Amino acid sequence: MRHKPNVIVVGNTTAAFAAKQATASIPIIAAASVEPVSLGLAASQARPQGNVTGIYSTLGSLVGKQLEFGFELMPGAKRAGMLVNASNVANTLFRHEAETAAQVMAANLISVEVRTPADIDSAFQTLAHERVNLVVVPPDPMFLNERRRIAELAIAARLPAVYGLREHVEDGGLMSYGVDLRENFRRAAAYVDKILKGAKPGDLPIEQPTKFELVINLKAAKAVGLTIPESFLARADEVIE
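A brief report on the enclosed structure follows.

## A closer look at the overall build of the protein
The secondary structure content of the protein amounts to ten helices and ten strands. Here the C-alpha radius of gyration of the protein, 19 Å, is about what a compact globule of 241 residues would show, namely 18 Å. Overall, the C-alpha framework of the protein stretches about 55 × 35 × 35 Å when taken along its three principal axes. Going through the 241 residues of the protein one by one, you find that 51% of them count as buried. Long-range pairs, those at least 24 residues apart, make up 67% of the contacts in the protein with a sequence separation of at least 6. Carbon and sulfur atoms form 51% of the exposed surface of the protein, whose accessible area is close to 11300 Å². One way to put it: in the protein the 25 positive side-chain charges average out to a point 4 Å from where the 25 negative ones average out.

Here you go:
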């Protein structure tokens, strides 16, 4: 705020809340937000009204699809685990959606909360002790930063893991289903351009993602002892050898 910027670009919901608390006048573009309306960052998707707008990074309902993909690769499996960042309000939505989806699938969901990177090792120990068949790792800034370690822990425990962001799979994770964050930031640049030309953030609709990618890492599949059918691979947008 001391630098008096014309516009602020943030990368996630947590950062958007921090920026909004710091200023009610400087436009804020959230390049990867989660449910900004229901969480109170904006009045509506079509007309945010305040000083925050941007692009969704994911929809809560995608967690159910991630669970579905995971169970599809493991016929008969009915026990899933979920890593939850208790410090991120968006993870509350993900957990609720995952619990609802698991109920529909007649599956059990065991959520393990973490608050700092130091908690992640013990979280995987808990999931392994609970004998879950797979783990869902939702989109989260801390999980993204710790993606290599999370992938290594999942492989060490021989736990197939499904992620919300492709970066996890590029760095050793098994499978992801979600948006391409790089495209979100490209779209954020267009918002910045409009604001610098005089548009108000409250008048710029918050965009929903229109494309979701399924990315699979075959090396990770082999490491956890999973054979992925050709029919499943054919549905992937990208297969990392």
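Past the structure itself, the notes keep going.
## Here we look at the environment of Thr 13
Locating Thr 13 in the fold gives a position in helix H1 (residues 13-22). Between the C-alpha atoms of Thr 13 and Ala 90, which are 77 residues apart in sequence, the distance is 7.3 Å. Beyond its immediate stretch of four places on either side in the chain, Thr 13 contacts Ala 32, Ser 33, Val 34, Leu 39 and Leu 41.

## Let's talk about empty space enclosed by the protein
Enumeration over the complete set of coordinates arrives at one cavity of 30 Å³ or more. Volume-wise, the largest cavity comes out at about 40 Å³. If you trace the largest cavity, you find it lined by Ala 151, Ala 154, Ile 155, Leu 159, Ala 161, Tyr 163, Gly 172, Gly 173, Leu 174, Ala 220 and Val 224. Residue assignment for the lining of the largest cavity shows that the elements contributing at least two residues are helix H6 (147-156) and strand E7 (161-163). Considering each element in turn, the lining of the largest cavity owes the most residues, three residues, to H6. In terms of residue class, the lining of the largest cavity is made up of nine nonpolar, two polar and no charged.

## Structural notes on the pairing of strand E2 (residues 28-34)
Counting buried residues along E2, seven of its seven residues qualify, which places the element largely inside the surrounding structure. Examined bridge by bridge, strand E1 (residues 8-10) and E2 share three bridges and lie parallel to one another. Bridging across to E2, Val 10 finds its partner in Ala 30. Handedness of the crossover joining E1 and E2 through H1 is recorded here as right-handed.

## As for the pattern of salt bridges
Within this structure, the stated rule accounts for 17 salt bridges. One salt bridge connects Arg 187 with Glu 207, and the closest N-O pair in it is separated by 2.6 Å. Highlighted residues: Arg 187 in helix H8 (residues 181-196) and Glu 207 in the loop between H8 and strand E9 (213-217), separated in sequence by 20 residues. Taking the relative accessible area as the measure of exposure, Glu 207 reaches 26% and is therefore partly exposed. Each of Arg 166, Glu 170, Asp 180, Arg 182, Glu 213 and Glu 238 takes part in one network of salt bridges that share partners.

## A short note on the sheet that holds strand E4 (residues 79-85)
Read across the open sheet, the seven strands follow the order E5-E4-E6-E7-E8-E9-E10; overall the sheet is mixed. Edge positions in the open sheet fall to strand E5 (108-114) and strand E10 (238-240), since each of these has one partner strand only. Taking each pair of neighbouring strands and ignoring which way they run, the sheet shows an average axis angle of 20°. Inspection of the sheet shows E9 paired to E10 by three bridges, in the parallel sense. Within the sheet, the bridge partner assigned to Val 215 lies in E10 and is Glu 238. Against the sheet, helix H4 (residues 120-129) engages E4, E5 and strand E6 (134-137), with an angle of about 160° to E5.

## Looking at the side chain of Asn 12
With respect to the secondary-structure elements, Asn 12 resides in the loop between E1 and H1. Polar contacts involving the side chain of Asn 12 include one to the main-chain amide nitrogen of Ala 15, which spans 2.9 Å. Once residues lying within four places of it in the same chain are set aside, the contact partners of Asn 12 are Ala 32 and Pro 141.

## Side note on the pairing of E6
For a regular strand, side-chain orientation follows a simple rule: the groups alternate between the two sheet faces. Residues Leu 134 and Val 136 of E6 are buried on one face, and the alternating residues Val 135 and Val 137, pointing to the opposite face, are buried as well. Where E4 lies against E6, three bridges are found, and the strand directions are parallel. Bridge assignment links Met 82 to a residue of E6, and that residue is Val 136. Here three bridges tie E6 to E7, and the two strands are oriented parallel to one another. In the strand pairing of E7, Val 137 is matched with Tyr 163.

Cut-offs and rules
- What you see as residue numbers is a count from 1 along each chain, following the sequence as written.
- Owing to the predicted nature of the model, reporting of local features is limited to residues with pLDDT of at least 70; listing and counting of side-chain atom pairs is limited to 80 or more, with chain, interface and lining totals taken over all residues.
- To obtain the side-chain values, all non-hydrogen atoms of the structure were included, while hydrogens and water were left out.
- Numbered from the N terminus, helices here are DSSP runs of H or I no shorter than four residues, and strands are runs of E no shorter than two.
- We compute the radius of gyration over the C-alpha atoms and compare it with the globule rule, which gives 2.2 Å times the number of residues raised to the power 0.38.
- Partly exposed describes any residue whose relative accessible area lies between the buried limit of under 20% and the exposed limit of over 50%, with all areas from a 1.4 Å probe on protein chains only and scaled to the type maximum.
- Throughout, a residue-residue contact means that at least one pair of heavy atoms, one from each residue, lies within 4.5 Å.
- Computed by Shrake-Rupley with a 1.4 Å probe, the accessible areas treat only the displayed protein chains as cover when residues are assessed.
- When charges are counted, Lys and Arg are positive and Asp and Glu negative, with His and the chain ends excluded.
- Here the site of a charge means NZ on Lys, CZ on Arg, CG on Asp, or CD on Glu.
- Space inside and on the surface of the protein is sampled on a 1 Å grid over the protein atoms alone, with a cavity defined as a set of points where a 1.4 Å probe fits but cannot get out and a pocket as an open set with protein on both sides within 12 Å along at least 5 of 7 lines; lining residues have an atom within 4 Å of a point.
- Grid points are joined across faces, edges and corners, and a volume is the space filled by probe spheres set on the points.
- Three residue categories are used. Nonpolar comprises Ala, Val, Leu, Ile, Met, Phe, Trp, Tyr, Cys and Pro, charged comprises Asp, Glu, Lys and Arg, and polar comprises the others, including Gly.
- Two strands make a pair as long as DSSP finds a minimum of two bridges between them.
- Consider the strands pointing away from the viewer: the crossover is right-handed when the path from the first strand over the helix to the second runs clockwise.
- Here, a salt bridge means any Lys or Arg side-chain nitrogen found within 4 Å of an Asp or Glu carboxyl oxygen.
- Every axis in this analysis is a line fitted to C-alpha atoms, fitted for helices over the stretch in contact. Angles between the N-to-C directions lie between 0 and 180 degrees.
- Throughout this description, a polar contact denotes any pair of N or O atoms lying within 3.5 Å of each other; where both atoms belong to protein, one of them has to be capable of donating a hydrogen while the other can accept it, and for residues adjacent in sequence the pair is counted only when both atoms sit in side chains.

Note that every value here comes from positions in space, so none of it alone points to a role or purpose.
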